[in-house]
Amino acid sequence: MIRRRAAALLLAVLVLTGTAGQAQAAGYRYWSFWERNGGRWTYANQGPSITRPSDGDVQGFRFAISEDSGDATQPRGTATFTTICAKTPAQDGRKRVGLVIDFGTTPDAPSGETPPARRTACAVVADDATTAEALATVAKPLRYDTNALLCAIAGYPRTGCGEPVAAGKKPTATRTKDTNDSGPSVGLLAGAAAVAALGAAAVWQARRRRDA
């Protein structure tokens, strides 16, 4: 009985591991949102419809296939606020936001579409405007889904919104997190621990019955 329970436990762990591996292999095609801090990009911890940048901030958008925020591909280029807004003077009661819009590469593009060239723009908006409002002044048309997810910038892509991409079709890209963190995900470890705990309880109960 104990051996059968141990075998069942091992099978459950193998199934869990395989399922998690398949889930990690899949990616999603979407626009990611970034903030420029000094000379580096940082994945934004709030959406563009909530973020309210200050005058002089630089923010970016990148269309690509990514698994999650830790796997997302950064906007390309090293544009600074000085270069983006060089010809845009300051205005009272208004702020200037430098925007980098990277439409990605051909492998990232939906079937039948060609990504436009990367662009930068200096948006001049009210002091309390959000990044989404700033983006709307320089890159229309924008398209959102029913959950307010940003689906398209300047009409790209024409269709789709955060759709999953089959495993094996994700293009190679530079990861934005340390490569040392490529071990099992937290979900996988937690799931394996849960299965192990259940298995241990089953073995303990079997021993109690045998010793009774």
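Read on for a plain summary of the structure. Computed from a predicted model, the values in this text were never measured in an experiment. (Residues numbered from 1 in each chain as written. Predicted model: local features only at pLDDT ≥ 70, side-chain atom pairs only at ≥ 80, totals over all residues. Heavy atoms only, no water.)

Description of the nonpolar core
- Ranked by size, the top nonpolar core spans 19 residues in total, and within it Trp31, Phe61, Leu99, Ile101, Leu135 and Ile153 carry the most contacts.
- Top contributing element to this core by residue count: strand S4 (residues 94-102), with three residues.
- Residues contacting Ile153, with those up to four places away along its chain left out, are Trp31, Phe61, Ile101, Phe103, Leu135, Ala139, Pro141 and Leu142.
- Counting residues in each nonpolar core, the second largest holds eleven residues, with Trp41, Val58, Cys85 and Val100 among its members. (Core = buried A, V, L, I, M, F, W, Y, C linked by side-chain atoms within 4.5 Å. Buried < 20%, exposed > 50% of the residue type's maximum accessible area, 1.4 Å probe, protein only. Helix = DSSP H or I, 4+ residues; strand = E, 2+ residues; numbered from the N terminus. Contact = heavy atoms within 4.5 Å.)

So, the pattern of salt bridges
- One pass over the full model with this rule turns up six salt bridges.
- A salt bridge links Arg96 to Asp55; the shortest N-O distance between them is 3.4 Å. Linking Arg96 in strand S4 with Asp55 in the loop between strand S2 (40-43) and strand S3 (58-66), this pair joins segments that are 41 residues apart in sequence.
- Look at Arg96 and you get buried, because its relative accessible area is 15%. (Salt bridge = Lys/Arg side-chain N within 4 Å of Asp/Glu carboxyl O.)

Details of the pairing of S4
- Burial analysis of S4 places eight of its nine residues in the buried class, which makes it a mostly covered element.
- When S3 meets S4, the two strands line up parallel, connected through five bridges. Bridging across to S4, Phe61 finds its partner in Ile101.
- In this sheet, strand S5 (residues 119-126) lies alongside S4 in antiparallel orientation, the contact comprising eight bridges. Note on S5: the bridge partner recorded for Lys95 is Val125. (Pairing = 2+ DSSP bridges.)

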